[in-house]
Amino acid sequence: MTSPTSPSGNPVRAPREAAGARPQVLPTAEGWEQARTVEGRPLLQFASPRVKQPPVHLADMTLAERGEKLKELGLPAFRAKQLSTHYFQHWTVDPERMSDLPKAGREELVSQMFPPLLTEVRRNRTDKGDTIKFLWRLFDGALVESVLMRYPGRITLCVSSQAGCGMNCPFCATGQAGLTRNMSTAEIVDQVVAANRVIAAGELGPKEHDDERVTNIVFMGMGEPLANYKRVMAALHRFVDPSPEGLGMSARNITVSTVGLVPAIRKLADEDLPVTFALSLHAPDDELRDELIPVNNRWKVDEALDAAYDYYRKTGRRVSIEYALIKDMNDHPWRADLLGKKLNQRGRGWVHVNPIPLNPTPGSIWTASDKEVEQEFIARLRATGVPCTLRDTRGKEIDGACGQLAAAES
């Protein structure tokens, strides 16, 4: 009997369970053509195409750099603090609201320091009004999305870091279009400032208190954050630096997610930015993960887990493992056992697993695990001593949940 093979021709290990067990479904891109190399491997795009960059914005610069910029414009450096306070504290770029600036030349100054970066194309809301998905057009016509979610006691924004994505994961809507370009630091930051304006205007349902704003940020929108490393790190500093340098948020309330770019994970661990780190694993065995997460052909499961553990060891911050449960593909009980074993081999108390019901992708017939299968997977994982929590995936009804961001205008 011939062993089953993956789309790229690699043999897939037979299920490690008794005869009569559920079938092994193999990853296949359906409804679209997955780009591949001449060797038949899924194509990976680590570098952004060389394209025109957005205009420089105040949020691209540190406070000191803003002061230098203003001196170049023939203005006193202290104006940098005033402009920064308007943007990072009052979330405005309206010159009429900047009465502390001289009226003469005010509009010109604002236009130079705050060139428009995001133009809202559309926003979709859930029926309850506690989740909003934004479609933004960038200066060059590229489209990105972000998702704003209200929870009891917190407000989370899922931000994009790239227009498109080059990681080519076959179950992810974002990856189907490939990578258009990296987003600038200011384009990333401006998603948060725009969300704060929406919250302040009372457009995210009933307020819990008057000074609400985004409290949590997750880099789980469009793009692979660690493939846009320099700009994402600068954006993180704008998020956590106190006003007027930045937004003054807690690093612990910011999550950076990656499919497993191992050198960048190790670099992140040395940044002295205690953000929450999340590894999108989705399979504990290389045979399956090579096809589910093509970057696994570059850095294997154990390499990614070693880097994740190293992040915990250096920062003291517990790591999250993201695991989308896909029916008959990666939800077998033996995979829960193997995942628990691999995590425990590196120690106890360093990691938390978030199983995620798969979200439907346009053109795909892949679907979430059956509820009883989902519960068995979680029970088997917990039996190994690994804590796990089934993630609440907000925004499914507006294509705003995990894996659904595709930035289509229609």
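Conventions and cut-offs
Residues numbered from 1 in each chain as written. Predicted model: local features only at pLDDT ≥ 70, side-chain atom pairs only at ≥ 80, totals over all residues. Heavy atoms only, no water. UniProt positions renumbered as here; feature names shortened; annotations may be inferred. Disulfide = S-S within 2.5 Å. Helix = DSSP H or I, 4+ residues; strand = E, 2+ residues; numbered from the N terminus. Contact = heavy atoms within 4.5 Å. pLDDT = per-residue confidence, 0-100. Polar contact = N/O pair within 3.5 Å; in protein donor to acceptor, adjacent residues only side chain to side chain. Phe/Tyr/Trp six-rings, centres within 6.5 Å; stacked < 30°, edge-to-face > 60°. Buried < 20%, exposed > 50% of the residue type's maximum accessible area, 1.4 Å probe, protein only. Lys NZ or Arg CZ within 6 Å of the ring centre and 35° of its normal. Arc of directions from axis to C-beta. Axes fitted to C-alpha atoms, helices over the stretch in contact; angles between N-to-C directions. Parallel < 35°, antiparallel > 145°, perpendicular 65-115°, else oblique. Left-handed = near helix turned anticlockwise from the far one by under 90°.

The name an unreviewed UniProt entry assigns to the chain is Probable dual-specificity RNA methyltransferase RlmN, from the organism Pseudarthrobacter enclensis. You can read under Sequence similarities (unreviewed entry) in the UniProt record for the chain the words "Belongs to the radical SAM superfamily. RlmN family." Its UniProt record gives the chain the following Subcellular location (unreviewed entry) comment, quoted word for word: "Cytoplasm".

Here we take up the state of the cysteines. Following the criterion strictly, the structure yields zero disulfides and no others. You can see C165 has no disulfide; the closest cysteine sulfur is in C172, sitting 6.5 Å from it.

We now examine the UniProt feature "binding site: S-adenosyl-L-methionine" (unreviewed entry) in the chain. Within the UniProt annotation, "binding site: S-adenosyl-L-methionine" (unreviewed entry) is assigned to G223, E224, S257, S280, L281, H282 and N359. Topologically, H282 is positioned in the loop between β9 (276–280) and α7 (286–292). Not counting residues up to four positions away in its chain, the partners in contact with H282 are F171, L292, I293, E322, Y323, A324 and N330.

The predicted model of the chain has a mean per-residue pLDDT of 90, with 89% of residues at 70 or higher. Low pLDDT, under 50, characterises residues 7–15; the stretch is placed with 24 contacts to residues that sit more than four places away or in other chains.

Attention shifts here to the side chain of E224. With respect to the helices and strands, E224 occurs in the loop between β7 (216–219) and α5 (229–240). Within the structure, the side chain of E224 is placed 3.0 Å from the backbone nitrogen of V259, a separation counted as a polar contact. Contact partners of E224, with chain neighbours within four places excluded, come to S161, Q162, C165, M167, S257, T258, V259 and L261.

Quick look at the environment of L343 now. In this structure, L343 sits in helix α9 (residues 333–345). Here L343 is in contact with L305, I321, W350, V351, V353 and V386, once residues within four sequence places are set aside.

Turning our attention to the packing of aromatic side chains. Under the criterion given, the structure shown has nine aromatic pairs. Here the aromatic rings of F134 and W136 are separated by 5.3 Å at their centres, their planes lie at 15°, and the arrangement is stacked. Across the pair, W136 and F134 agree in class, each one buried. Ring plane angle 35° and centroid distance 5.0 Å describe the contact between Y323 and F377, whose orientation is recorded as tilted. Placement of Y323 in strand β10 (residues 319–325) and of F377 in helix α10 (residues 371–383) is noted, with a sequence separation of 54 residues between them. Assigned by exposure class, Y323 and F377 land together as buried. An aromatic cluster is present here, built from Y87, F88 and F114 joined pairwise through their rings. If you follow R154 out to its NZ or CZ, it ends over the ring of Y151, 4.1 Å from the centre. Here R298 stacks its cationic end above the ring of W299, 5.5 Å away from the centre of that ring.

A few words on helix α3 (residues 106–113). Listed in full, the buried residues belonging to α3 are R106, L109, V110 and M113. For α3, the angular spread of buried residues about the axis comes to 95°, placing them on one side. When the buried face of α3 is taken as reference, the exposed residues oriented beyond 90 degrees from it are E107 and E108. As for α3, its buried residues are in contact with α1 (63–72) and α2 (79–88).

Relative to the helices and strands, V301 resides in helix α8 (residues 301–315). As for V301 and K342, which are separated by 41 residues in sequence, their C-alpha atoms are 9.4 Å apart. Every residue in contact with V301, bar those within four places of it in the chain, is listed here: L281, A283, P284, D285, D286, R289, N296 and K342.

The N-to-C vectors of α9 and α10 enclose an angle of 30°; their axes lie 8 Å apart at closest approach. Considering their axes alone, α9 and α10 lie roughly parallel with respect to each other. Classified by chirality, the crossing of α10 by α9 is right-handed. Between α9 and α10, the contacting residues are P333, W334, R335, A336, D337, L339 and G340 on the first element and E376, F377, R380 and L381 on the second.

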